[in-house]
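Spelled out, the chains give:
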Amino acid sequence: MTQKERENPELLNNSRKRRLAAGSGLSQIEVNRFLKQFENASKLAKKFSGKGGTKGLANMLSQAKLKRLV
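Residues numbered from 1 in each chain as written. Predicted model: local features only at pLDDT ≥ 70, side-chain atom pairs only at ≥ 80, totals over all residues. Heavy atoms only, no water.

Caption draft 1: Expanded view of the pattern of salt bridges. Evaluated as defined, the whole model comprises 2 salt bridges. Between Arg16 and Glu5 there is a salt bridge; the shortest N-O distance is 2.9 Å. With Arg16 in helix α2 (residues 14-24) and Glu5 in helix α1 (residues 3-7), this pair connects stretches of sequence that are 11 residues apart. You'll find Arg16 and Glu5 in the same group, each marked buried. Where Glu39 meets Lys43, a salt bridge forms, and the shortest distance between an N and an O atom there is 3.5 Å. In this pair, Glu39 and Lys43 are both assigned in helix α3 (residues 28-48), 4 residues apart and thus about one turn of the helix distant. Of the residues examined, Glu39 reaches a relative accessible area of 34% and is grouped as partly exposed. What makes Lys43 exposed here is its relative accessible area of 51%. (Salt bridge = Lys/Arg side-chain N within 4 Å of Asp/Glu carboxyl O. Helix = DSSP H or I, 4+ residues; strand = E, 2+ residues; numbered from the N terminus. Buried < 20%, exposed > 50% of the residue type's maximum accessible area, 1.4 Å probe, protein only.)

And the structure:
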């Protein structure tokens, strides 16, 4: 991937994803899944960065524990 594609994966079109998949030994579905996971991780990182980030993480973990108890 180019530097611009790494910074903004939305620039990738289907033909580019096919070429990336072929070059990495993956299927295009796996490339799409990887990009989706990267997007989700990026959103979480932005959510918890800055002021109150650790409080947000603590709240999320406590809510996850409560859901398991119910």
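Caption draft 2: Molecular detail of a nonpolar patch on the surface. The grouping of Leu44, Leu57, Met60 and Leu61 at the surface amounts to a nonpolar patch, some 330 Å² of accessible area in total. Sorting elements by how many residues they give to the nonpolar patch places helix α4 (residues 53-69) first, with 3 residues. Note on placement: Met60 falls in helix α4. On the basis of relative accessible area, Met60 is assigned to the partly exposed category, the value being 34%. (Patch = residues over 30% accessible without salt bridge, like charges linked within 9 Å, V, L, I, M, F, W, Y side chains within 5 Å. Areas by Shrake-Rupley, 256 points an atom, 1.4 Å probe, with all protein chains shown as cover.)

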